[in-house]
Amino acid sequence: MNNYQIRMNELYELVKHHAELYYDNDSPEISDSEYDSLVRELSQLEHEHPELARKDFLTHKVGGSASELFAKVNHKVPMLSLDNVFTPDELNNFFTRINQTQNFTCEMKIDGLAVSLIYQDGKFIQGATRGNGTTGEDVTQNLLAVESVPKFLKNAPEGRVEVRGEVLMTTERFNALNKLRDERGENPFANPRNAAAGTLRQTDQKIIAERGLDIFLYYLVEAQSFGVKTQSQALSWLSEHGLPVQEAWKLCANLDDVNNFIAQWYDERFKLNYVTDGVVIKLDDLTQWPEIGSTSHAPRWAVAYKYPPEEALTRIKNIIISVGRTGVLTPVALLEPVRLAGTQVQRAGLHNADEISRKDIRIGDVVRVRKAAEIIPEVIEVDKSSRTGNEKVFTMPSYCPACNSEIVRLPDEAAFRCPNRASCPAQLIESLRYFASRNGMNIKGLGKSLAAKLIESGKVKSLSDIYKLTPEDWTSLEKIKDKSAENIMSELESSKQRPFVNLLTALGIKDVGKNAAELIVDHFGNVDAIMNASESELSQIEGVGPVIAKSIHEFFRNESNLALIQDFRAMGFSMGSEIITTGDKLQGKIFVFTGTLDSMTRDEAGVKVKALGGRVSNSVSAKTSYLVAGDKTGSKLVKAEKLGVKILSEQEFLELVN
């Protein structure tokens, strides 16, 4: 295997991983610009080495997949994505490629969730997400809870009208929501786009209404049937019929006008109350769109010009250390305040000691910083020409600034760590907040500020201590009155009923999130089986791998962690299902369930499989033995059919296990 193939394989896995986090889970780990960079590198390698390209990979597809929580909607006209350009030369190539010197519309590129709205005789009857471009999710009821979605069109035309646009969350709403989530002990959303997507996929319309989403429309499907022949006319048509259209758009006569629009909004976009990350340029004459055509995932008559992350020069006043939930020490630069991406920036992440050394960053340096809309600022480079000789070289501390424990650095890690997970105050605060989060024990009201009060008071020295506090312990804390104490204690009592998978997630084991916890619990069933599993047995679970296996194995070799588990066990927490083995009929067989079963829940069906020696998985693969399909099946059924996996009805499954 040559170097190109090796790098392409790495990129395929990285792009797939981050695309699933962005489109399907609404929880990205990297910024949009970092993701774009990965896709561009992969696309370039595919272009240069087409014989090595994976033809069915998602760089040739649109968006993500449709969730099984919602019914599927097939789009009459595919909902395509847009190709991105990043430089004036690339934009000029777009103009040259379509060989047009006519008008273009420029619209600010809204960072939201693409949706389709269908009206019949003026009444809103259906709404759907883009999904994979051909099949989306039916979110009609959820869109009815969005105040700015018109339920009836003005001057309503007869028949069917389909319009498309972007559901978004304003920055004001986004900041308020994240503040509330922190107070509740929930993880903040990474950016407004993911907050909007996560909200629209809620199953409780009250939550959607409370969070306050908005929408802008920008596309009239089959516009010519309404006498509309240009995109600028389509935008006016949408407004005239009561559909919200953003004001940040303009009809441009040539490339110079387009470049002027891009330059104008480079700074002005930060004055908008919603996030934009570029400009969408479309050929205005939509009668020519069919002739120009599309690729499998994007139209050729439009393109998105993406703004680079904004940069600025400032000086590092000091470098401090932040201690995270897993003990990682992260250096953070304290900056002279500078305006960046519409906000005043005073801190920038420095990642780790190796990064500081590689960039030769010193206290007192003038540095160039940048900030994409969804990430904390970072230092790009040092302006060494500004050095005076008074700058100070930074060295990582030998002892934890929070608990004074001696710092360790594992041979295979760039990070320095505080090993004192049991009693380091900084780690405990973050661990407690994570423990209380929605994917964990879902303890509303236990956010970072309350976690800090508990740790600083000395009342809580381990995660289980919060369940031992009396009402008097709670009311002794600042601003905690009787009613608040009563509420938090009620939340704590309710959390004891959470499934074991949530407890395993809440423990904050390194590299083990909700998905990994589900895979492990599905495989082993209970905590005792997990504790007794070898590292090799853990790593053989599909979707787990050696890194997570090592973290799990090491966690359960630690005496203080074992004591914590025993503490939770004594308090009556679920420690997983106690599977009573009734035979080995299904030994070595892997089952996946999809849809709704009539006679039992999917968890109960899984217990039957495990009792007969079988395994249950959340995802379909070539190793799957059976897919059990109930009512309202989703994408798992399609994948199983493609892979030739044997599909069982509920009745066939019952006959097999009984």
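Here the structure is shown first, and the text comes after it.
Here the residue numbers are simple positions, counted from 1 along each chain's written sequence. The model is predicted, so local features are restricted to residues of pLDDT at least 70 and side-chain atom pairs to those at 80 or more, both for listing and for counting; the totals for chains, interfaces and linings are taken over all residues. Note that water and hydrogens are dropped before the side-chain values are worked out from all heavy atoms of the structure.

Caption draft 1: Structural detail: the overall build of the protein chain. Helix and strand assignments come from DSSP, with helices taken as H or I runs of at least 4 residues and strands as E runs of at least 2, each series counted from the N terminus. A count of helices and strands for the protein chain gives 24 helices and 23 strands. For 658 residues, the compact-globule formula gives about 26 Å, and the C-alpha radius of gyration of the protein chain, at 27 Å, lands near that figure. Along the first, second and third principal axes, the C-alpha set of the protein chain runs to 80 × 75 × 65 Å. For the protein chain, the proportion of contacts with a sequence separation of at least 24, taken over those separated by at least 6, is 68%. Using the Shrake-Rupley algorithm and a 1.4 Å probe, accessible areas are obtained, with residue cover drawn only from the displayed protein chains. With an accessible surface of roughly 31,500 Å², the protein chain has 48% of that area assigned to carbon and sulfur atoms. We treat Lys and Arg as the positive residues and Asp and Glu as the negative residues; His and chain ends play no part in the count. Taken as the charge centre is NZ of Lys, CZ of Arg, CG of Asp or CD of Glu, depending on the residue. Positive and negative charge centroids in the protein chain, built from 78 and 90 side chains respectively, lie 2 Å apart. For the radius of gyration, the atom set is restricted to C-alpha positions; the globular benchmark scales as 2.2 Å times the number of residues to the power 0.38. The contact criterion used throughout is that any non-hydrogen atoms of two residues lie within 4.5 Å.

Caption draft 2: Structural context of helix H9 (residues 255-268). Take the number of residues in a helix, subtract one, and multiply by 1.5 Å to get its expected span. In this model, H9 (14 residues) spans 20 Å end to end at C-alpha, consistent with the 20 Å of a helix rising 1.5 Å per residue. Each residue gets one of three labels from its accessible area relative to the maximum for its type: buried under 20%, exposed over 50%, partly exposed in between, using a 1.4 Å probe on protein chains only. All of the buried residues in H9 are Val258, Phe261, Ile262 and Trp265. Seen end-on, H9 carries its buried residues on one side only, within an arc spanning 100°. Along H9, exposed side chains directed more than 90 degrees from the buried face belong to Asp256, Asn260 and Ala263. The elements touched by buried residues of H9 are helix H3 (88-98), strand S3 (104-110), strand S9 (249-252), strand S10 (276-283) and strand S11 (302-306). For H9, the side-chain oxygen to backbone nitrogen distance between the N-cap and Asp256 is 3.1 Å, and the N-cap itself is Asn254. Starting at the helix axis, one direction is taken to each C-beta atom, and the arc is that of these directions. For the purposes of these results, a polar contact is taken to be a pair of N or O atoms within 3.5 Å, where, inside protein, one atom must be able to donate a hydrogen and its partner to accept one; residues adjacent in sequence count only when each atom of the pair is a side-chain atom.

Caption draft 3: Just the nonpolar core, in detail. Ranked by size, the top nonpolar core spans 66 residues in total, and within it Leu91, Leu117 and Ile281 carry the most contacts. With five residues, the single largest contributor to this core is strand S8 (residues 214-220). Leu117 has contacts with Phe124, Gln126, Gly127, Leu143, Val149, Val161, Glu162, Val163, Ile215 and Leu217, leaving out every residue within four places of it along the chain. Counting 55 residues, the second largest nonpolar core, distinct from the first, contains Leu446, Leu463, Ala516 and Ile520. Put simply, a nonpolar core is a bunch of buried Ala, Val, Leu, Ile, Met, Phe, Trp, Tyr and Cys residues held in one set by side-chain atoms that sit within 4.5 Å of each other.

Caption draft 4: Summary view of the packing of aromatic side chains. The aromatic pairing rule takes the rings of Phe, Tyr and Trp, using the six-membered ring of Trp, and pairs them if the centres are within 6.5 Å, calling planes under 30 degrees apart stacked, those over 60 edge-to-face and the rest tilted. In this structure the tally under the stated criterion is 20 aromatic pairs. Here the aromatic rings of Tyr467 and Phe573 are separated by 5.0 Å at their centres, their planes lie at 85°, and the arrangement is edge-to-face. Of the two residues, Tyr467 sits in the loop between helix H13 (448-457) and helix H14 (471-475) while Phe573 sits in the loop between helix H21 (559-570) and strand S20 (590-594), which places them 106 residues apart along the sequence. Among the residues examined, Phe573 registers a relative accessible area of 5% and is labelled buried. An aromatic cluster is built from Phe435, Tyr467, Phe568 and Phe573, whose rings are joined through pairwise contacts.

Caption draft 5: Broad picture of empty space enclosed by the protein. Each cavity reported here is a set of points on a 1 Å grid over the protein atoms alone in which a 1.4 Å probe fits but cannot get out, each pocket an open set with protein on both sides within 12 Å along at least five of seven lines, and each lining residue one with an atom within 4 Å of a point. Grid points are joined across faces, edges and corners, and a volume is the space filled by probe spheres set on the points. Applying the stated criterion across every chain yields a total of four cavities of 30 Å³ or more. Taken together, Leu519, Asp522, His523, Ile541, Glu542, Arg615, Val616, Ser617 and Asn618 make up the full set of residues lining the largest cavity. Of all the elements in the fold, those that place two or more residues in the lining of the largest cavity are helix H17 (514-524) and strand S21 (615-616). The leading source of residues in the lining of the largest cavity is H17, at three residues. Looking at side-chain class alone, the lining of the largest cavity contains three nonpolar, three polar and three charged residues. Nonpolar residues are Ala, Val, Leu, Ile, Met, Phe, Trp, Tyr, Cys and Pro. Charged residues are Asp, Glu, Lys and Arg, and all others, Gly as well, are polar.

Caption draft 6: Main features of the sheet that holds strand S2 (residues 84-85). Here, any two strands with at least 2 DSSP bridges between them count as paired. Strands sit in the order S2-S11-S10-S3-S9 across an open sheet of five strands; the sheet is mixed. Sheet topology places S2 and S9 at the edges, where each strand pairs with a single neighbour. Pairing between S2 and S11: two bridges, direction parallel. By the bridge assignment for S11, Val85 is matched with Tyr305. Helix-sheet contacts for helix H8 (residues 231-240) involve S3, S9 and S10, and the interaxial angle to S3 is about 55°. Every angle, taken between N-to-C directions, lies between 0 and 180 degrees, and every axis is a line fitted to C-alpha atoms, over only the stretch in contact when it is a helix.

Caption draft 7: Expanded view of the pattern of salt bridges. The salt bridge criterion pairs a side-chain nitrogen of Lys or Arg with a carboxyl oxygen of Asp or Glu, the two atoms within 4 Å. For the structure on display, the rule yields 27 salt bridges. The salt bridge involving Lys359 is made with Glu355; its shortest N-O contact spans 3.0 Å. A residue pair is termed a helical-turn pair when its members lie 3 or 4 positions apart in one helix, as Lys359 and Glu355 do in helix H11 (residues 353-359) at four residues. Of the charged contacts in the structure, one is a salt bridge between Glu486 and Lys483, with a shortest N-O distance of 4.0 Å. Of this pair, Glu486 and Lys483 both sit in helix H15 (residues 482-495), separated by three residues, roughly a single helical turn. Bridged by salt links that share partners, the residues Asp360, Arg362, Asp365, Lys384 and Arg387 form one connected network.

Caption draft 8: Just the environment of Met571, in detail. Relative to the helices and strands, Met571 is located in the loop between H21 and S20. Counting along the chain gives 103 residues from Met571 to Lys468, while the straight-line C-alpha distance between them is 9.7 Å.

Caption draft 9: Here's a closer look at the side chain of Arg417. Tracing the chain through its elements places Arg417 in strand S19 (residues 416-417). Given the relative accessible area of 13%, Arg417 is considered buried. A distance of 3.0 Å separates a polar side-chain atom of Arg417 from the backbone oxygen of Thr326. Not counting residues within four places of it along the chain, the set of residues in contact with Arg417 comprises Thr326, Gly327, Val328, Leu329, Ile407, Val408 and Lys510.

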